[in-house]
Amino acid sequence: MQKIKSLMTRQEEFRELREQPSDPQAEQELINSIEQVYFSTDSFDIVKYELEKLPPILNLQELEEYRDKLKQQQAAVSKKVADLILEKQPAYVKELERVTSLQTGLQLAAVICTNGRRHLNIAKEGFTQASLGLLANQRKRQLLIGLLKSLRTIKTLQRTDVRLSEMLEEEDYPGAIQLCLECQKAASTFKHYSCISELNSKLQDTLEQIEEQLDVALSKICKNFDINHYTKVQQAYRLLGKTQTAMDQLHMHFTQAIHNTVFQVVLGYVELCSGNTDTKFQKLQYKDLCTHVTPDSYIPCLADLCKALWEVMLSYYRTMEWHEKHDNEDTTSAAEGSNMGTEETNFDRGYIKKKLEHGLTRIWQDVQLKVKTYLLGTDLSIFKYDDFIFVLDIISRLMQVGEEFCGSKSEVLQESIRKQSVNYFKNYHRTRLDELRMFLENETWELCPVKSNFSILQLHEFKFMEQSRSPSVSPSKQPASTSSKTVTLFEQYCSDGNPFEIQANHKDEETEDVLASNGYESDEQEKSAYQEYDSDSDVPEELKRDYVDEQTGDAPVKSVSRETLKSRKKSDYSLNKVNAPILTNTTLNVIRLVGKYMQMMNILKPIAFDVIHFMSQLFDYYLYAIYTFFGRNDSLESTGLGLSSSRLRTTLNRIQESLIDMEVSADPTATLTAAEERKEKVPSPHLSHLVVLTSGDTLYGLAERVVATESLVFLAEQFEFLQPHLDAVMPAVKKPFLQQFYSQTVSTASELRKPIYWIVAGKAIDYEQMLLLMANVKWDVKEIMSQHNIYVDALLKEFEQFNRRLNEVSKRVRIPLPVSNILWEHCIRLANRTIVEGYANVKKCSNEGRALMQLDFQQFLMKLEKLTDIRPIPDKEFVETYIKAYYLTENDMERWIKEHREYSTKQLTNLVQEPSVWPQSRIIFWMKKSSLWLHNLHQTIIVLRK
């Protein structure tokens, strides 16, 4: 109320000021003249302000004027304020009344509240205090339970590291990561607690530690793949959302595993061989370390190296299999379920697939480089053949692994092993040629007893060929596909085993059973063979007599027909022996060498041409040796019988020029090129002095000649058998060489039979004695004779003796039918030509003498056909045509001489100078006319006498 009274007093004052007379304009000017500082809202000391404005020297009048001015300004302001208050007075009064009314309402409310509190106190004391206490306690209990749960969760979070360590020891990486992520999520829920911030940081460190251990677990996959282990690792990385990072890390670990594996394997062998564990080896680079591997430990180290690398590649192969399998499962589950996150999953799957496919080539390249460094670190030229083949076999198996692993042709490995192989094989082949020459010079050409079913595939050196086909089926006749699906090495050794473990034990299991006892399959066969045969059993009794009367008829023929048939059945002089191949120890050694060469060629196809070329040299040298020992005779070509074909002569000349070193000693002045060429050649072999080729009882070494020649034919047959195999590995650009070798060299082996057996045939029959007996015959008889001359019986006896000797030889060596046919053919041909030569030596001959010639020859043919079953008789027409030529007219004789140039000059001259046929003048004319071309014909009789 006091405030209201003061306000009313102030209103009276304002009213008085307002009632004073005033000039509004003047008052406004006074207000405007007030300094601006007086209108500021900031509080300041007005007195101090005015005093500071006083000048240093005070003037009373000025001060009073300034005071009056301030008073006027104050009065103007006060009046202005009073006017404004009076204008607002109705609103003020109205508001003041509201305040008075509000004060009255508040006093009433205070009374109501006081009464309500009094009534509540009464209710509290009388009824609800206990119930409300229960409700309060329940609410407090719920709050405490929630707090306890939070505390327990916090306690569990605090103890999570222990459980995480246990799960990591159990290699439960997905569970550990899942637990850690859940803990992090829970920690974010209780982040308002001060203790949780420290725990959250600890969980993050634990998660990083799990990733490190996960990386270590991923590296273990590289050497020993375990499906369960790898599944856990991949699940863990998938929970972390780092599948791509995991794949990048995996490839890095595989690269590191290859390096560490090869280094540790080689280091172990180097330290083992050095006898100490000096740390200097551990500091060496891998390339330098490989040079310290000794030759004795080279192969075991290489095998272990390949085994270790196989484990790494197998782990990678199984890793790819795992991803392919799980990709298919994920694709199926994605198709059945929702499409949430499908695009991201497909992207990760595509990335992993491309990364794995690219890693195949990268890993195989690393493997090749490591093995190449190891291969070139040692000189393999000092290795034994079996050891070198073993190295090639291991590398071949490794290249097969590479081809199955990533489809690579292993150019790096092929080039490195090719260098080693060419260097090794040149030295090896030169040594083998020298050994072959030594074998040939010491060979006595005795039969090597092998079983009748002998096959080169039974030899240890050819066992590798049985892996791809049956011995009885040639490659060209094999079916195109023997199996619907070929099992790869990774499929074969995926779960157990190693493709490089079988190599060492494979040799010990291989055995050979090719030799027979005494050349027979059993003692019973050997015994029965000689019981059924004697030297004269197959010779007709009629031919054993010195004289056969033509007038007695052919009754003796009937009595010996059974014997004759028996003789014909034995025309190959087999003595009932099993027809085992004819070969010598040297032949067997050559075949074994061929097998070794083919092993190397089969393992390392890039050097196939070099190997086949060296194989051809083995055959060339063997063929040249047989020809040099048993067939070389310069007089053979002068016979004009074509015993050596132009192809055979060309082949022999080629061998002599390219392979045979004809010089006795090296010329010190020879050029380097000439010395290198001579280094590639081999001296001509010499026949052993133990081989006797001059004894008539043995038909001039016929047994040795048969063994030598037929062993060459057998060797040629084996080369023919191997041709499809050689053709399959020979480069296309080099196949003409192989075709030429077979057409010009291998096929000529059987052609050596003629010149070799011709020498025997030329000495087995005494043709000179035949000429002497024929010269003693009187041919100018006047009557037609009914009895043949004695030289026919002598010649037939020679053939009987030849037959007996042939039988004796066949007891030592089986004489094949082609050989016996060639021998008989040569002997008969020489006998017929001797008969023609004897007829050509006749000085005087009547027509009756010509008839006697025909009688003698027909008798010879009739008896000869009982000794041999060769049909037709060789050169039969040669004799008959010559005898018939005596009966030709002059005109027919001229044409006949021009058409028959197979006769010698002497033989043709005898026809035209026979005085009983033509006048002397015609004889001289024909002799002059014939001399222009007859001088080119060969004189067979001179050759026979030599």
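Here is what the cut-offs are and how they apply
- Residues numbered from 1 in each chain as written.
- Predicted model: local features only at pLDDT ≥ 70, side-chain atom pairs only at ≥ 80, totals over all residues.
- Heavy atoms only, no water.
- Helix = DSSP H or I, 4+ residues; strand = E, 2+ residues; numbered from the N terminus.
- Contact = heavy atoms within 4.5 Å.
- Areas by Shrake-Rupley, 256 points an atom, 1.4 Å probe, with all protein chains shown as cover.
- Phe/Tyr/Trp six-rings, centres within 6.5 Å; stacked < 30°, edge-to-face > 60°.
- Buried < 20%, exposed > 50% of the residue type's maximum accessible area, 1.4 Å probe, protein only.
- Lys NZ or Arg CZ within 6 Å of the ring centre and 35° of its normal.
- Core = buried A, V, L, I, M, F, W, Y, C linked by side-chain atoms within 4.5 Å.
- Axes fitted to C-alpha atoms, helices over the stretch in contact; angles between N-to-C directions.
- Parallel < 35°, antiparallel > 145°, perpendicular 65-115°, else oblique.
- Nonpolar A, V, L, I, M, F, W, Y, C, P; charged D, E, K, R; others polar.
- Expected span 1.5 Å × (residues − 1).
- Bend = angle between axes of the 7 residues up to and from the residue.
- Salt bridge = Lys/Arg side-chain N within 4 Å of Asp/Glu carboxyl O.
- pLDDT = per-residue confidence, 0-100.
- Left-handed = near helix turned anticlockwise from the far one by under 90°.
- Patch = residues over 30% accessible without salt bridge, like charges linked within 9 Å, V, L, I, M, F, W, Y side chains within 5 Å.

The name an unreviewed UniProt entry assigns to the chain is VPS50 subunit of EARP/GARPII complex, from the organism Felis catus.

A. Representation of the overall build of the chain. Secondary structure summary: the chain contains 37 helices and 2 strands in total. Once local pairs closer than 6 in sequence are excluded, the contacts in the chain between residues at least 24 apart make up 81%. A total accessible area of about 52,100 Å² is found for the chain, and carbon and sulfur atoms account for 52% of it.

B. Quick peek at the packing of aromatic side chains. If you walk through the whole model with that rule in mind, you get 37 aromatic pairs. Judged by centre distance (5.9 Å) and plane angle (70 degrees), the ring pair of Phe719 and Phe741 falls under edge-to-face. Separated by 22 residues along the polypeptide, Phe719 in helix H26 (residues 702-729) and Phe741 in helix H27 (residues 735-744) bring together distant segments of the chain. Residues Phe719 and Phe741 agree in their burial class; the two are buried. Taken together, the ring pairs connect Tyr385, Phe388, Tyr424, Phe425, Tyr428, Tyr597 and Phe614 into an aromatic cluster. One Lys or Arg, Lys734, reaches over the ring of Phe609 and ends 4.5 Å from the middle of that ring. The side chain of Arg833 reaches across the aromatic face of Phe878, ending 4.3 Å from its centre.

C. Expanded view of the nonpolar core. If you look at the biggest cluster of nonpolar residues, it comprises 216 residues, and the most contacted ones within it are Tyr839 and Phe860. If we skip the residues at most four places from it in the chain, Tyr839 touches Met774, Trp779, Tyr791, Met853, Asp856, Phe857, Val879, Tyr882, Ile883, Tyr886 and Asn910.

D. Representation of the packing of helix H22 (residues 585-603) against H26 in the model. Axis separation between H22 and H26 bottoms out at 11 Å; the angle between their running directions is 5 degrees. By the angle between their axes, H22 is roughly parallel relative to H26. Of the residues in H26, those touching H22 at Thr587, Val590, Ile591, Val594, Met598 and Met601 are Ser711, Phe714, Leu715, Gln718, Phe719, Leu722, His725, Leu726 and Val729. Grouping the constituent residues of the contact of H22 with H26 by class yields 11 nonpolar, 4 polar and no charged.

E. Looking closely at helix H33 (residues 876-884). Along H33, the residues classified as buried are Phe878, Val879, Glu880, Tyr882 and Ile883. Elements in contact with the buried residues of H33: helix H31 (817-840), helix H32 (847-867), helix H34 (890-899) and helix H35 (905-912).

F. Structural detail: H26. Spanning 28 residues, H26 covers 40 Å between terminal C-alpha atoms, matching the ideal 40 Å at 1.5 Å per step. Of all the bends in H26, the largest measures some 45 degrees and sits at Leu722, one to four residues before the proline Pro724. Burial within H26 is extensive, with 21 of its 28 residues counted as buried.

G. Structural context of the side chain of His251. In this structure, His251 sits in helix H10 (residues 243-274). Residues contacting His251, with those up to four places away along its chain left out, are Tyr316, Lys355, Leu356, Gly359 and Arg362.

H. Region of interest: the pattern of salt bridges. The final tally for this structure, using the stated rule, is 26 salt bridges. In this structure, Lys79 engages Glu27 in a salt bridge whose closest nitrogen and oxygen atoms are separated by 3.6 Å. Here Glu27 lies in helix H2 (residues 24-33) and Lys79 lies in helix H4 (residues 60-87), a separation of 52 residues in the sequence. Across the pair, Glu27 and Lys79 agree in class, each one buried. The partner of Glu825 in a salt bridge is Arg829, with the nearest N and O atoms 3.1 Å apart. With Glu825 and Arg829 both in helix H31 and 4 residues apart, the pair spans about one turn of that helix. Classification of Glu825 as partly exposed rests on a relative accessible area of 25%. Residues joined by salt bridges that share partners form a network here, namely Glu825, Arg829, Arg833 and Asp875.

I. Up close: the confidence of the model for the chain. Predicted confidence across the chain gives a mean pLDDT of 77, with 75% of residues reaching 70 or more. Across residues 503-509 the pLDDT falls below 50, and counting only partners more than four positions away or on other chains, this stretch makes 6 contacts in the model.

J. Expanded view of the packing of H26 against helix H30 (residues 790-812). Look at H26 against H30: their axes get within 9 Å of each other, and the N-to-C directions meet at 55 degrees. Compared by their axis directions, H26 and H30 come out oblique. Considering the relative orientation of H26 and H30, their crossing is right-handed. Only Leu806, Val809 and Arg812 of H30 make contact with H26, whose side of the interface consists of Leu702, Ala703 and Glu704.

K. Quick look at the side chain of Ser416. Relative to the helices and strands, Ser416 is located in helix H15 (residues 411-442). Among the residues examined, Ser416 registers a relative accessible area of 2% and is labelled buried.

L. Spotlight on a nonpolar patch on the surface. On the surface, a nonpolar cluster with roughly 370 Å² of combined accessible area is contributed by Val47, Leu51, Leu54 and Leu58. Here Leu54 is to be found in the loop between helix H3 (46-53) and H4.

M. Inspection of unusual backbone geometry at higher detail. With an omega of -5 degrees, the peptide bond running from Arg871 to Pro872 counts as cis. For Trp445, which is not a glycine, the phi torsion comes out positive at approximately 60 degrees. Looking at the secondary structure, you find Trp445 in the loop between H15 and helix H16 (489-492). Here Trp445 falls in the buried class, since its relative accessible area comes to 1%. For Leu699, which is not glycine, the phi torsion reads 55 degrees and is therefore positive. Residue position: Leu699 is located in the loop between strand S2 (682-683) and H26.

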